[in-house]
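Inside the fold
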Amino acid sequence: MRHFAKVLSAAVILVAALSQAASADTLDKIKSAGVIRIAIDLSVPPWAFKDENLNPTGSEVDAAKLLASDLGVKMEIVSTNGANRIPFLLSNRTDVVMSALSITDERKKLIAFSLPYAGATTYVAAPKSMDIKTFADLSGKRIAVTRGTTNDADLTAAAPRDAEIIRFEDEATTMTSVVSNQVDLVAQVPILVELINKKNPAKNLEPKLPLRTAPMGVGMRKEDAELKQWVDAWVKTNIANGKLQEIFKKFQGTDLPKEVVTASQ
């Protein structure tokens with residue numbers, strides 16, 4: 001029995017040592033390689049998209065560039081979508097995720113998050129002429145949402161059983177479905193609702209039902225403790241100097257939510 005206890009104790013110590021080494025190695029490997037791989041969904045303007053010259057841009061892209069620059073390495077964008085952001089991270093296809101990734105209790109079971117550096121309030125949006133005041137009013141309605149997002153989870157939890165939730169694989173396809181009149185309602189942030197209206201003014205959408213105000217963090221693997229410590233310090237520094245607020249307002253056209261600033265000071 002004593003022998004077994006010694007073996008078990010040694011195994012625990014070994015696992016702890018390996019875990020600590022792994023967490024240190026990720027940050028060290030990034031610095032040694034001179035590159036940080038950042039998962040970003042480039043189909044979600046103004047968070048991340050391609051400009052007229054097909055260059056990546058948006059608030060997430062600029063925040064990611066700032067992170068890479070402050071770390072002293074180059075940024076490599078790993079193209080992703082709402083559903084595969086976390087699987088890409090867990091399978092080591094990317095080092096971090098910066099892709100409008102809301103901090104939720106469910107996601108915390110799988111990955112670690114930095115302090116919040118961005119955030120947004122999401123809504124169910126519908127034509128102004130449509131009388132929707134409660135989630136019960138979604139009965140029998142078809143609502144577009146992007147699969148695997150917090151919008152998907154929140155809408156699924158709140159909508160009545162006979163509402164038809166139409167899930168698409170990325171934000172661009174979700175928005176196209178509404179612009180092209182395939183679906184009339186959508187779960188989305190106000191700025192993307194405005195973009196839908198610009199592309200199809202006849203939609204005349206407006207936010208009807210709030211889903212949540214969600215802080216967003218840099219997603220990392222749980223074992224990457226050294227990297228998380230560095231990223232948390234990076235968020236604090238760039239909230240304090242106002243750089244993250246400037247990036248957010250430049251692309252989002254509004255101030256960074258106060259909850260985000262307060263949580264990251």
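My aim in this report is to walk through the structure given alongside it, one point at a time.

The rules behind these values
Residues numbered from 1 in each chain as written. Predicted model: local features only at pLDDT ≥ 70, side-chain atom pairs only at ≥ 80, totals over all residues. Heavy atoms only, no water. Salt bridge = Lys/Arg side-chain N within 4 Å of Asp/Glu carboxyl O. Helix = DSSP H or I, 4+ residues; strand = E, 2+ residues; numbered from the N terminus. Pairing = 2+ DSSP bridges. Axes fitted to C-alpha atoms, helices over the stretch in contact; angles between N-to-C directions. Contact = heavy atoms within 4.5 Å. Parallel < 35°, antiparallel > 145°, perpendicular 65-115°, else oblique. Left-handed = near helix turned anticlockwise from the far one by under 90°. Nonpolar A, V, L, I, M, F, W, Y, C, P; charged D, E, K, R; others polar. Phe/Tyr/Trp six-rings, centres within 6.5 Å; stacked < 30°, edge-to-face > 60°. Buried < 20%, exposed > 50% of the residue type's maximum accessible area, 1.4 Å probe, protein only. Polar contact = N/O pair within 3.5 Å; in protein donor to acceptor, adjacent residues only side chain to side chain.

**Considering the pattern of salt bridges**
If charged atoms from side chains of opposite charge come close, those side chains can pair. Taken as a whole, this structure holds 12 salt bridges when the rule is applied. Taking the shortest distance from any N to any O, the salt bridge between Lys203 and Asp184 comes out at 3.1 Å. With a gap of 19 residues between them, Lys203 in the loop between helix H7 (190-199) and strand E11 (205-216) and Asp184 in the loop between helix H6 (171-179) and strand E10 (185-188) connect regions that are remote in the sequence. Measuring nitrogen to oxygen at the nearest pair gives 3.1 Å for the salt bridge that ties Lys249 to Asp255.

**Comments concerning the sheet that holds E10**
Within the open sheet, the five strands sit side by side as E9-E8-E10-E7-E11. Their pairing is mixed. The sheet is open, and its two edges are formed by strand E9 (164-168) and E11, each paired on a single side. On average, each strand axis in the sheet is inclined to that of its neighbour by 20°, with strand direction left out of account. The pairing of strand E7 (residues 118-127) with E10 spans three bridges and is classified as antiparallel. Looking across to E10, one finds that Ala125 is bridged to Val186. The strands touched by H6 within the sheet are strand E8 (142-146), E9, E10 and E11, with E8 carrying the most contacts at an inclination of about 155°.

**Considering the packing of H6 against H7**
The interhelical angle for the contact between H6 and H7, taken along N-to-C directions, is 45°, at an axis separation of 10 Å. The orientation of H6 with respect to H7, classified from their angle, is oblique. For the crossing formed where H6 meets H7, the hand is right-handed. Across the interface between the two elements, Met175, Val178 and Val179 of H6 pack against Leu192, Leu195, Ile196 and Lys199 of H7. The residue makeup of the contact of H6 with H7, split by class, is six nonpolar, no polar and one charged.

**A short note on the packing of aromatic side chains**
Counted by the stated rule, this structure contains one aromatic pair. Ring plane angle 65° and centroid distance 5.9 Å describe the contact between Trp47 and Phe248, whose orientation is recorded as edge-to-face. Linking Trp47 in the loop between strand E1 (35-40) and strand E2 (49-50) with Phe248 in helix H9 (residues 243-252), this pair joins segments that are 201 residues apart in sequence. A single burial state applies to Trp47 and to Phe248, both of which are buried.

**Here we look at the side chain of Gln252**
With respect to the element layout, Gln252 can be found in helix H9. Owing to a relative accessible area of 9%, Gln252 belongs among the buried residues under this scheme. Only 3.1 Å separates the side chain of Gln252 from the side chain of Ser59, close enough to count as a polar contact. Ignoring anything within four residues of it in the chain, the contact list for Gln252 reads Pro46, Trp47, Ser59 and Ile191.

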